[in-house]
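These are the residues of each chain, in order.
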Amino acid sequence: MSAPQLGLIGLEAGAPLVGPSSIHIDVTNSCNTNCVTCWDHSPHLDEPRSAAWKRQRVDLARVEELLDDAGSLGALRAVVISGMGDPFVHPEIYELLEAVKSRGLHLTVITNLIPADPERILALSVDQLLIGIHAASEEAYRAFHPSFQSDEWTRLHAALTRFSEAGCNYKHVQVICGHNAHELVEMVELGARYEAARVIFKLAGLKAGTEAVRISAAQRRELVEVLVPAAQACAERLGVTTNLDVFERQLAAGGEATAPISEIGCFMGYVYSRILVDGTVLYCCNTDVVIGSLQDARFHELWRGEAWEGWRARLRGGDYPESCNQCGKINENLKLSRRFERRFGRQRLLEVTGRAASARALPLAGA
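It should be emphasised that the depicted structure is a prediction, and the values quoted were computed from it without experimental measurement.

**Student:** Just checking my understanding: could you explain the overall build of the chain for this structure?
**Tutor:** From N to C terminus, the chain includes 16 helices and nine strands. In summary, the chain has a C-alpha radius of gyration of 20 Å against a globular reference of 21 Å for 367 residues, a match within 12%. Dimensions of the chain along its principal axes, counting C-alpha atoms only, are 50 × 50 × 40 Å. Here the chain holds 367 residues, and 54% of them are scored as buried. Within the chain, counting contacts between residues at least 6 apart in sequence, those at least 24 apart form 72% of the total. Split by element, the accessible area of the chain, about 15,300 Å² in all, is 48% carbon and sulfur.

Given below as structure tokens:
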């Protein structure tokens with residue numbers, strides 16, 4: 001039986017039969033820019049991060065130890081490399097990427113691409129990039145990245161051109177805020193121009209001062225009534241794959257929420273984990289849902305430990321922290337929800353996500 005099948009059975013049973021199929025490793029807190037929506041580097045933060053925090057990074061040996069430990073649980077097949085900053089500012093980044101690839105794991109890197117070397121990425125056969133663009137015009141690009149004052153927009157396009165020429169269909173990420181909400185259609189067109197594998201739209205989750213760039217009520221209405229339908233039509237015409245159906249649900253959540261998590265359910269703690277630079281192990285990507293630390297225990301011990309089991313039981317009962325309403329894994333949770341429903345049925349899905357008693361549970365979008 002395959003690891004994905006075992007993962008689904010573990011979801012149904014309420015206890016994982018194998019380890020995570022994917023782990024997300026933060027390798028640095030440093031960044032080359034200051035995205036206005038970023039909870040760590042935005043110029044709008046009420047309390048900026050310290051210089052000491054920004055200098056933190058992992059070393060190669062620690063990453064290799066984690067890969068082998070998580071892999072010993074029997075299901076690891078994919079690794080995401082990112083950071084609270086950009087991974088390509090790490091001085092050993094290409095050695096870190098090679099450590100993943102040499103183990104036969106699927107490698108995804110989350111990056112704004114500006115500090116990266118496209119030729120070295122191609123030489124390593126990186127499987128996927130999630131390229132944070134967040135604009136379709138240079139004006140919006142600079143508004144989203146106020147520290148960019150040079151030729152970054154030109155360099156971005158040069159790298160995208162090189163990847164397109166090499167047949168590498170990487171993904172574009174467009175986090176939507178007040179500065180770029182008007183460019184939805186153009187973002188789809190940009191994806192078509194560079195043959196993006198997918199254009200991923202996310203409504204910015206905002207806190208700690210970054211609320212300054214939240215979309216206005218008028219922008220939300222325009223997105224719902226005009227821009228999302230227009231972008232969907234454009235995507236269909238140009239053959240661009242998007243997640244605009246998920247983005248619609250984020251817009252519908254209203255207020256500060258960006259993900260109707262109580263309508264979807266969370267499955268991340270059965271198939272995924274994120275590990276921060278300081279060794280903190282998270283249930284998902286939410287820094288409020290902490291399992292423990294690699295300074296105190298090895299990953300395989302935490303995976304089946306009391307803290308992880310407690311969070312699985314809590315979220316299985318539909319008891320979510322408030323911060324889960326800005327879920328960063330909404331796309332993945334939707335995919336798992338749909339797969340689970342196809343195998344075990346709608347009623348069982350409602351039961352394992354704490355919704356069986358709700359007569360108002362909504363059907364999954366696109367199911």
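Here the narrative resumes, following the displayed structure.
**Student:** Got a minute to help me understand the pattern of salt bridges in this structure?
**Tutor:** Opposite charge on two side chains makes pairing possible when the charged atoms of those side chains draw close. The final tally for this structure, using the stated rule, is 15 salt bridges. Between arginine 142 and glutamate 138 there is a salt bridge, with its nearest N and O atoms 3.0 Å apart. Taken together, the residues span about one helical turn, with arginine 142 and glutamate 138 both in helix α6 (residues 138-144) at a distance of four residues. Among the residues examined, arginine 142 registers a relative accessible area of 23% and is labelled partly exposed. Each of Glu12, Arg348 and Glu351 takes part in salt bridges that share partners, so that together they form one network.

**Student:** Just to check I follow, could you spell out the nonpolar core for this structure?
**Tutor:** A general feature of soluble globular proteins is that nonpolar side chains tend to end up buried together. Core analysis: the biggest nonpolar cluster contains 79 residues, and Ile23, Leu97, Leu113, Tyr283 and Phe299 have the highest contact counts within it. With six residues, the top contributor of residues to this core is helix α4 (residues 93-101). Beyond its immediate sequence surroundings of up to four residues, tyrosine 283 is in contact with Cys266, Met268, Gly269, Tyr270, Tyr272, Ser273, Val289, Ile291, Trp308, Trp311, Arg312 and Leu315.

**Student:** Sorry if this is basic, but what is going on with the packing of aromatic side chains here?
**Tutor:** Two descriptors summarise a pair of aromatic rings, namely the distance from one centre to the other and the angle between the planes of the rings. Across all of its chains, the model carries 10 aromatic pairs by this definition. On the numbers, 6.0 Å between centres and 40° between planes, the contact of phenylalanine 201 with phenylalanine 247 is tilted. Placement of the pair is phenylalanine 201 in strand β6 (residues 199-203) and phenylalanine 247 in helix α10 (residues 244-253), with a sequence separation of 46 residues. Judged by centre distance (4.8 Å) and plane angle (40°), the ring pair of phenylalanine 340 and phenylalanine 344 falls under tilted. You can see phenylalanine 340 and its partner phenylalanine 344 sitting in helix α15 (residues 330-344), four residues apart, about one turn around the helix.

**Student:** Explanation requested: the sheet that holds strand β8 (residues 280-282) in the structure shown.
**Tutor:** The sheet built from nine strands is open, its strands ordered β6-β5-β4-β3-β2-β1-β7-β8-β9 with mixed pairing. Looking at the sheet topology across the chains shown, the edges are occupied by β6 and β9 (290-293). Strand-to-strand twist of the sheet, defined as the mean angle between neighbouring strand axes without regard to direction, takes the value 20°. As paired elements, strand β3 (residues 106-111) and strand β4 (residues 128-132) share four bridges and run parallel to each other. In the strand pairing of β4, isoleucine 110 is matched with leucine 130. Most of the contacts of α10 go to β6, to which it runs at about 5°, and overall it touches β5 (171-176) and β6.

**Student:** Help me out: how do you make sense of unusual backbone geometry in this one?
**Tutor:** Backbone phi values are negative for most residues with the exception of glycine, while trans is the configuration of most peptide bonds. One non-glycine residue, serine 125, lies in the positive phi region at around 55°. Turning to its location among the elements, serine 125 is positioned in the loop between α5 (118-123) and β4.

Thresholds applied
Residues numbered from 1 in each chain as written. Predicted model: local features only at pLDDT ≥ 70, side-chain atom pairs only at ≥ 80, totals over all residues. Heavy atoms only, no water. Helix = DSSP H or I, 4+ residues; strand = E, 2+ residues; numbered from the N terminus. Rg over C-alpha atoms; globule rule 2.2 N^0.38 Å. Buried < 20%, exposed > 50% of the residue type's maximum accessible area, 1.4 Å probe, protein only. Contact = heavy atoms within 4.5 Å. Areas by Shrake-Rupley, 256 points an atom, 1.4 Å probe, with all protein chains shown as cover. Salt bridge = Lys/Arg side-chain N within 4 Å of Asp/Glu carboxyl O. Core = buried A, V, L, I, M, F, W, Y, C linked by side-chain atoms within 4.5 Å. Phe/Tyr/Trp six-rings, centres within 6.5 Å; stacked < 30°, edge-to-face > 60°. Pairing = 2+ DSSP bridges. Axes fitted to C-alpha atoms, helices over the stretch in contact; angles between N-to-C directions.

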